[in-house]
Amino acid sequence: MNYINMLFFDIYPYIAGAVFIIGSWLRYDYGQYTWRAGSSQMLDKKNMRLASNLFHVGILGIFAGHFLGMLTPHWMYESFLPIEYKQIMAMVGGGTCGVLMLVGGVMLLKRRLTNPRVRATSSFGDIMILTLLVIQVALGLLTIPFSAQHMDGSEMMKLVAWAQSIVTFHGGASAHLDGVAFVFKLHIFLGMTIFLLFPFCRLVHIWSVPIEYLTRRYQIVRNRH
């Protein structure tokens, strides 16, 4: 069992991270014609705006929460934010964003599977990655009851210690996960797998943040009569 933990939580994170970074770079260099969001909104707009907004607001909130909560060193906030309150913030904020993402994701997945026009233009990768994201956020929501059993933040700090050990290249990171509930480990493993698959699906459009839209000049568009 110890070897399995080392494989999944000591070695696999670096495999997934390397594929994520190098794969995205190679795809940008050699596959720019496939570098797109692949939006299907023009095929059917029914409920698309609601589902897409719920999904994207939720996932952005979850990403920001995970990034700040997991990777911010404890000494930076311990003087004004006790672990117990951080735990509550993570449960409430993460739960809210998780519900938004889950509802939007289920709506998008249902649309992609049941709408004939959208299904005809959807690849296996489109359906697979959306399905995995829905499963991942559902797992994240399932961790909340387990977190509630450790309101002192002890369980959360094990996860934080693991994540920070990984990003700082400290060996033996898997030891921090000893004793945590299995749902947390499954959630972490699937999250790393999504990073592994990232360069090979439509998620690469996340890299292309349209920042230039904020500074570009206005464009005047007139109808031709």
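Residues numbered from 1 in each chain as written. Predicted model: local features only at pLDDT ≥ 70, side-chain atom pairs only at ≥ 80, totals over all residues. Heavy atoms only, no water.

## Remarks on the side chain of Glu-155
Now for step 1: In this fold, Glu-155 is placed in helix H6 (residues 154–167).
Now for step 2: Lys-158 provides the closest opposite charge to the buried, salt-bridge-free Glu-155, at an N-O distance of 4.1 Å.
Now for step 3: If we ignore the near neighbours within four places in the chain, the residues touching Glu-155 are His-150, Gly-179, Val-180, Ala-181 and Phe-184. (Helix = DSSP H or I, 4+ residues; strand = E, 2+ residues; numbered from the N terminus. Buried < 20%, exposed > 50% of the residue type's maximum accessible area, 1.4 Å probe, protein only. Lys, Arg positive; Asp, Glu negative; His and termini not counted. Salt bridge = Lys/Arg side-chain N within 4 Å of Asp/Glu carboxyl O. Contact = heavy atoms within 4.5 Å.)

## Quick look at the packing of helix H3 (residues 83–114) against H6
Now for step 1: H6 packs onto H3 with a crossing angle of 85° between their chain directions and a minimal axis gap of 9 Å. On the basis of the axis angle, H3 is roughly perpendicular to H6. Contacts between H3 and H6 involve Ile-83, Lys-86, Gln-87 and Ala-90 from the former and Met-156, Met-157 and Val-160 from the latter.
Now for step 2: Taken together, the residues that form the contact of H3 with H6 break down as five nonpolar, one polar and one charged. (Axes fitted to C-alpha atoms, helices over the stretch in contact; angles between N-to-C directions. Parallel < 35°, antiparallel > 145°, perpendicular 65-115°, else oblique. Nonpolar A, V, L, I, M, F, W, Y, C, P; charged D, E, K, R; others polar.)

## Examining the packing of aromatic side chains
The geometry of two aromatic rings is summed up by the distance between their centres and the angle between their planes.
Now for step 1: Inspection of the entire model under this criterion finds 10 aromatic pairs.
Now for step 2: Ring centres of Phe-20 and Phe-198 lie 4.8 Å apart, and the angle between their planes is 75°; this geometry places the pair in the edge-to-face category. Taken together, the residues span a long stretch of sequence, with Phe-20 in helix H1 (residues 2–30) and Phe-198 in the segment after helix H7 (182–197) at a distance of 178 residues.
Now for step 3: What makes Phe-20 buried here is its relative accessible area of 15%. (Phe/Tyr/Trp six-rings, centres within 6.5 Å; stacked < 30°, edge-to-face > 60°.)

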